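# Structural overview for review
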Amino acid sequence: MAQKYITYNNLLTLLDELGKDYEVYTPVKKGEQRFYRKYAEPADDIVIGEVRPFEPLKAFFSPAREKVADGFKPDIPHSENKPFAIVGVKACDIKGLKVQDHVFVDHDYQDPFYIKMRSQNLIISADCTCSIDTCFCLALGTKPFPQEEFDINLSKVDDGFVAESGSEKGDELIARCSRLFTETGEYVLSKKETQRRRVTREVEENIKKNDVPAQERLGGVIDKNYESDMWKDEAKTCVECGACNTVCPTCHCFLLYDQKNEERMARFRMWDSCMVKDFARVAGGANPRPRLWERLRNRFEKKFDFFPKTADMYACTGCGRCISACPAKIDIRKVLKRLANAS
Amino acid sequence: MHHDIENPYRPIETEVIEVITETPNIKTLRLRPKERISFVAGQFIELTVPGVGEAPFTPSSRPAEKDIMEVTIMKVGKVTERIHQLNKGDIVGLRGPLGKGYPIDSFKGKEILVVGGGCGLAPLRSLMYELFDRITDFKRVYYRAGCKTAKDFLYKEEIGGWAKRPDLDLRLTVDEGGSGWQENVGVVTTIMDGIQMDYASGIAVVCGPPIAMKFATKKLLELGFKDENIYLSMEKNMSCGIGKCGHCRIGTYYACKDGPVFTYAQIKNFPNIWD
Ligand code: SF4
Ligand code: FES
């Protein structure tokens, strides 16, 4: 699909158009953070570009709390909500979606709830136009601009965007709203590339400054450091809040929870945290990971040992959310550095 | 396009048709699911008490019996406590069967040593029924079981009946003897010696509390069983049962879908498998 140009005002018209079929979300900026907000009308705080929002994209595909069974009825509990059109999605979150896809779609068993969201939702992603200190996507092999899994990707150039379709849905949307798009010229395309190079360089500098190892250096590091004292050391300040899991775009674990009403069976699933003591405890009381440092090690083992061995990818996107979210200042970059440097 | 995927989280409505008290803290429920469920020994199910929650159990009944399933349940937590209050006629929910059971076809023509302890005798009963149903397929079946005391022994009378079978070599033990116990006293490994079988080609099936499995496995290895011929039932905190919720990971596997039955060869290199 050839690339088109869309002005900011036309993009807003496109969002209105999308509002007929979707619940549209865009990132907005509050202070130094970005959050997703339901789009209603043009507003000054909307930012399409910049860096990833506070919340991980997974919230749109497997909500923090969701009903998964209603009585003994075989059907999938039905929701009246329109599907989501999520605008301004970042490349790191798309990598997160690939991990989630592996768990819920490309596996021995399929999850009908996730699959429904995945097939109905629309993703309008956007290149990062800057980086923040915690960004290290490139170390995990993700470039700061989306290259796959989007319906339309936007690259900000001047007062508008270069729009590239990445799916049939994207093609159709651009065709249907062709009046909102114009042709691109060499000028905008080269500006797009220049910007991509500039942001890539910024992230490279981040990685260098923080001495984050590239993923090529992470092979086998968990096995090698399994008995290391570093886990106790790193976990010293952890308060077991689970924030690292909640904000992580790849963490997928959940808890099945039944409504406390004996007359009416209703089952929900809620995000769960492997940092919490009872996560792996069996009913009889045995707990394979009673100590906090064992659970911290387990979190890294899942991301940097289990996933590469079973899904051929690290379950880390380099988004840096866990660094910002952790009240104990546990820094994944530092842990990875220690892992890679120990021999 | 994907709308024909069944909801993997909804339980099937199931009637409790009988409650059997086995020991002071163990009961067996006879269950009749409203939809037919067929399982192989070693697979597990999730049992829902409406309004309370769900917990994993391994059926203890004859897999060939297709309309009824029995589950033997020890009172250990919130859900099992509520299960122990269930009566005939109550409605519960059932999901499954889940996971992989024993690959019995691959045991054909071989000698099989079944080693069980405590609550592990429940899933093993289901296996024994399946072995009995096709006993001539196997060269010889050996059964070695132990419990803490005679009064904790599951299915005492039934197992007593098996002792008379000419096609089964059976020995029982209790950790603490007394009150008329006639057989061996000691942990289960004390009755694993002196079996006249070819260990190197034999199949071993072990099910019981982790500590018992650990020592039984050690013993089997000393006797000369091969890693890939030792089948273990790994108890983990199973919830979703389909490899999604993340609770039951063991190394590079999920116990719920890749197990709960694993060979020792599959898991021996993972750290802390017995914890
Ligand atoms: S966010 Fe930090 S303090 Fe909270 S559980 Fe994770 S590592 Fe521990
Ligand atoms: S029980 Fe959910 S992953 Fe195994």
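Residues numbered from 1 in each chain as written. Chains lettered and ligands numbered in written order. Predicted model: local features only at pLDDT ≥ 70, side-chain atom pairs only at ≥ 80, totals over all residues. Heavy atoms only, no water.

## A short note on the interface of chain B and chain A
As a reminder of what qualifies: Contact between two residues is taken to exist if any of their heavy atoms lie within 4.5 Å; hydrogens are not considered. Buried area: the accessible surface (1.4 Å probe) lost by two parts on joining, summed over both. One side-chain nitrogen of Lys or Arg within 4 Å of one carboxyl oxygen of Asp or Glu is enough to make a salt bridge. Pairs of N or O atoms are called polar contacts if they sit within 3.5 Å, as long as, within protein, a hydrogen donor faces a hydrogen acceptor (for residues adjacent in sequence, only side-chain-to-side-chain pairs). Helix and strand assignments follow DSSP, with helices taken as H or I runs no shorter than four residues and strands as E runs no shorter than two, numbered in order from the N terminus. Under the convention adopted here, Pro, Cys and the residues Ala, Val, Leu, Ile, Met, Phe, Trp and Tyr are nonpolar, Asp, Glu, Lys and Arg are charged, and Gly plus all remaining residues are polar.
Each side of the interface is counted separately: chain B has 44 residues, and chain A has 50 residues. Of the roughly 3900 Å² buried where chain B meets chain A, counting both sides, 59% is carbon and sulfur surface. When the buried area of chain B at its contact with chain A is split by residue, Y9, K244 and R249 of chain B rank highest and sum to 19% of it. One can count 3 salt bridges joining chain B with chain A. Run the count over chain B and chain A and you get 20 residue pairs in polar contact (both at pLDDT 80 or more). If you list the elements that add at least two residues to the side of chain B that touches chain A, you get strand 1 (12-23), strand 4 (53-57), strand 6 (91-98), strand 14 (253-254) and helix 5 (255-258) of chain B. Per element, the largest residue contribution to the side of chain B that touches chain A is 4 residues, and it comes from strand 6 of chain B. Partitioning the side of chain B that touches chain A into residue classes produces 16 nonpolar, 15 polar and 13 charged.

## Re the sheet that holds strand 3 (residues 33-38) of chain A
Residue and element names in this part refer to chain A. Inclusion rule: Here a strand pair is declared whenever DSSP counts at least two bridges between the two strands. Axes here mean lines fitted to C-alpha atoms, for a helix over just the part in contact, with angles spanning 0 to 180 degrees between N-to-C directions.
Reading across from one edge, 3-2-5-6-7-8-1-9 is the order of the 8 strands in this open sheet, with mixed pairing throughout. Two strands bound the open sheet, and with one partner strand each, they are strand 3 and strand 9 (181-183). Averaged over all neighbouring strand pairs, the angle between strand axes comes to 30°, with direction disregarded. Sitting on the sheet, helix 5 (residues 186-210) touches strand 1 (4-7), strand 7 (152-157) and strand 8 (160-165), and the angle it makes with strand 7 is about 90°.

## Considerations on the packing of helix 2 (residues 91-104) of chain A against helix 3 (residues 112-120) of chain A
All names here are of chain A. This is how it is decided: Small angles under 35 degrees read as roughly parallel and large ones over 145 as roughly antiparallel, with 65 to 115 read as roughly perpendicular and the rest as oblique. Whether a crossing is left-handed or right-handed is set by the direction in which the near helix is turned from the far one by less than a right angle, anticlockwise for left-handed and clockwise for right-handed.
At a minimum axis separation of 10 Å, helix 2 and helix 3 run at an interaxial angle of 140°. The orientation of helix 2 relative to helix 3 falls into the category oblique. In this structure, the crossing between helix 2 and helix 3 has a hand that is left-handed. Residue-level inspection shows L97, Q100, D101 and F104 of helix 2 in contact with helix 3, the latter providing Y114, I115 and R118.

## As for the confidence of the model for chain B
Caution applies to low-pLDDT parts of the model: their predicted coordinates are not meant to be read in detail. Our working rule: Here pLDDT means the predictor's own confidence in every residue, given as a number from 0 to 100.
For chain B, per-residue confidence averages 93 on the pLDDT scale, and 99% of positions sit at 70 or higher. In the predicted assembly, ipTM is 0.91 and pTM is 0.92.

## Overview of the packing of aromatic side chains
For clarity, the cut-off: Pairing of aromatic rings covers Phe, Tyr and the six-membered ring of Trp, with a centre-to-centre limit of 6.5 Å; geometry is then stacked below 30 degrees between planes, edge-to-face above 60, and tilted otherwise. Residue exposure (1.4 Å probe, protein chains only): buried if accessible area is under 20% of the type maximum, exposed if over 50%, otherwise partly exposed. To sit over a ring, a charge needs its Lys NZ or Arg CZ within 6 Å of the ring centre and within 35 degrees of the ring normal.
Considering all chains together, one arrives at 23 aromatic pairs over all chains under this definition. A ring pair is formed by Y199 of chain B and F225 of chain B, whose centres lie 5.5 Å apart and whose planes are at 50°; its orientation type is tilted. Of this pair, Y199 of chain B sits in the loop between strand 10 (184-185) and strand 11 (203-207) while F225 of chain B sits in the loop between helix 4 (210-223) and strand 12 (230-233); the two residues are 26 residues apart in sequence, bridging distant segments of the chain. Both residues of the pair, Y199 of chain B and F225 of chain B, belong to the buried class. Linked through ring pairs, F61, F104, F113, Y114 and F254 of chain A together with Y9 of chain B together constitute an aromatic cluster. The ring of W271 of chain A has K58 of chain A lying over it, and the distance from NZ or CZ to the ring centre is 4.6 Å.

## Quick look at the pairing of strand 6 (residues 122-126) of chain A
Residue and element names in this part refer to chain A. Summarising burial for strand 6: 5 of the 5 residues are buried, a large majority. Residues L122, I124 and A126 line one face of strand 6 and the alternating positions I123 and S125 line the opposite face, and both faces are buried. Note that strand 5 (residues 84-89) and strand 6 share 4 bridges and pair parallel. Looking at the pairing, I86 lines up with I123 of strand 6. Relative to strand 7, strand 6 runs parallel, the two being bridged by 3 bridges. For S125, the partnering residue across the bridge sits in strand 7 and is N153.

## Observations regarding the side chain of R321 of chain A
All names here are of chain A. Along the polypeptide, R321 turns up in helix 10 (residues 321-325). A distance of 3.1 Å separates a polar atom in the side chain of R321 from the backbone oxygen of P53. Within the local environment of R321, its side chain forms a polar contact with the side chain of D93, the two groups lying 2.9 Å apart. Among all residues touching R321, those that are not within four sequence positions of it are R52, P53, F54, E55, P56, D93, V247 and P249.

## Some remarks on helix 9 (residues 292-311) of chain A
Residues and elements named next belong to chain A. Convention followed: Multiply 1.5 Å by the residue count of a helix minus one, and that product is the helix's expected span.
Relative to the 28 Å expected for 20 residues at 1.5 Å per residue, helix 9 spans 27 Å between its end C-alpha atoms, a close match to the ideal helical length. Counting buried positions along helix 9 yields 17 of 20 residues, so the element is predominantly enclosed. Note on helix 9: the residue one or two positions beyond its end, D312, has a positive phi of about 60°.

## Quick word on unusual backbone geometry
Along the chain, G96 of chain B connects to P97 of chain B via a cis peptide bond; the corresponding omega equals 0°. Among the structural elements, P97 of chain B can be located in strand 6. With an omega of 5°, the peptide bond between G259 of chain B and P260 of chain B qualifies as cis. Among the secondary structure elements, P260 of chain B is positioned in the loop between helix 5 and strand 15 (261-263). Even without being a glycine, E240 of chain A presents a positive backbone phi close to 65°. Relative to the elements of secondary structure, E240 of chain A occurs in the loop between helix 7 (230-235) and helix 8 (243-247). On the basis of relative accessibility, which here comes to 30%, the residue E240 of chain A falls in the partly exposed class.

## Side note on helix 4 (residues 168-176) of chain A
Residues and elements named next belong to chain A. Which entries qualify depends on this criterion: The arc in question is the one spanned by the directions pointing from the helix axis to the C-beta atoms.
Considered for burial, the residues of helix 4 that qualify are G170, L173 and I174. Along the axis of helix 4, the buried positions cluster into a sector of 95°, meaning they face one direction only. Helix 4 presents E168, E172 and A175 as exposed residues on the side facing more than 90 degrees away from its buried surface. Taken together, the buried residues of helix 4 touch strand 1, helix 1 (8-18), strand 6, strand 7, strand 8 and strand 9.

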